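# Structural overview
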Amino acid sequence: MKSNSDKAKISIIIPAKNEEKTIQRCLKAIECLKKNYELECIVVAPDIETINSARKFPFVKTILFPGDMEAAVDEGLKHASYDLILKMDADIILPKNFFEVMLPKTEDYDLVSCPASTRSGKFWLDIFFWIRDQLLKVAPLGRSTHGNSMLFRKALIEEIGGFRYDTALEKEAIKRGKKVLIVDEIRVLE
């Protein structure tokens, strides 16, 4: 078993706005992953309701920030202690094997993401979402990183000059010769 000093260290940045209900499910899933990884979670939001909801979790740093979502990621990066960053949306639930699958990919790639599956709890709507997921697996055009959960190193953002929306980050990374990967073997839940 790994000692605490051997655990992978990841700063999770969650830009959020009006997510006081959904962020609790997101943070509960992260809390379950803390036993195997050294996770620092930073929630950056412009509204006090989301901040108060996130503060219910003692492992979360909260930052009240009035800027837009892209600027919120940059603000979170200023407070991140670790080099490896997971930028994720507040309505995402990470599966238990998320880091087991994704972390090894960060050794060879500069930006790693995976798709999200949407579940509504309504049978017919969930069938529609499942069909959409299957089509996205084979769609050769329009394939890009998924901002719902992106792993990268701080140096990538520093080189680019700050976070931009998700697909712009991918385009800038590729333009600079960086390697980008979309991992299809795992999905986060949206």
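Residues numbered from 1 in each chain as written. Predicted model: local features only at pLDDT ≥ 70, side-chain atom pairs only at ≥ 80, totals over all residues. Heavy atoms only, no water.

### So, the overall build of the protein
Assigned secondary structure in the protein consists of seven helices and nine strands. Split into buried and exposed, the 190 residues of the protein put 48% on the buried side. In the protein, of all internal contacts separated by at least 6 residues, the share reaching a separation of at least 24 is 72%. In the structure as shown, the protein presents an accessible area of about 9,900 Å², 54% of it carried by carbon and sulfur atoms. (Helix = DSSP H or I, 4+ residues; strand = E, 2+ residues; numbered from the N terminus. Buried < 20%, exposed > 50% of the residue type's maximum accessible area, 1.4 Å probe, protein only. Contact = heavy atoms within 4.5 Å. Areas by Shrake-Rupley, 256 points an atom, 1.4 Å probe, with all protein chains shown as cover.)

### Looking at the pairing of strand E2 (residues 38-45)
Counting buried positions along E2 yields seven of eight residues, so the element is predominantly enclosed. The pairing of strand E1 (residues 9-15) with E2 spans seven bridges and is parallel. Along E2, the bridge assignment pairs Pro 15 with Val 44. Regarding the hand of the β-α-β motif, the stretch spanning E1, helix H1 (residues 22-33) and E2 is right-handed. With five bridges joining them, E2 and strand E3 (residues 60-64) adopt parallel strand pairing. Note that in E3 the partner of Val 44 across the bridge is Ile 63. Following the chain from E2 across helix H2 (residues 48-54) to the adjacent parallel E3, one finds a crossover that is right-handed. (Pairing = 2+ DSSP bridges. Right-handed = clockwise from strand over helix to strand, strands pointing away.)

### Thoughts on the pattern of salt bridges
Counted by the stated rule, this structure contains eight salt bridges. Between Asp 83 and Arg 153 there is a salt bridge, with the nearest N and O atoms lying 3.5 Å from each other. Of the two residues, Asp 83 is situated in the loop between helix H3 (69-79) and strand E4 (84-88) and Arg 153 in strand E7 (residues 149-153); the sequence distance between them amounts to 70 residues. A relative accessible area of 38% places Asp 83 in the partly exposed class. Note that Lys 87 and Asp 89 form a salt bridge whose closest N and O atoms lie 3.0 Å from each other. Judged by its relative accessible area of 4%, Lys 87 falls in the buried class. (Salt bridge = Lys/Arg side-chain N within 4 Å of Asp/Glu carboxyl O.)

### Quick word on H1
Residues of H1 that are buried: Ile 23, Cys 26, Leu 27, Ala 29, Ile 30 and Leu 33. Taken end-on, H1 shows its buried residues confined to a sector of 155 degrees, consistent with a single buried face. The inward-facing, buried residues of H1 abut E1, E2, H2, E3, E4 and helix H4 (98-102). (Arc of directions from axis to C-beta.)

### Here's the deal with the confidence of the model for the protein
For the protein, the mean per-residue pLDDT works out to 84, and 79% of the residues sit at or above 70. Per-residue pLDDT, averaged within each element of the protein, yields its smallest value for helix H5 (residues 123-138) (59) and its largest for E3 (97). (pLDDT = per-residue confidence, 0-100.)

### What to know about the pairing of E7
Where burial is concerned, most of E7 is hidden: four out of the five residues are buried. One ladder, built from five bridges, connects E4 with E7; its direction is antiparallel. Directly across from Lys 87, in E7, lies its bridge partner Met 150.

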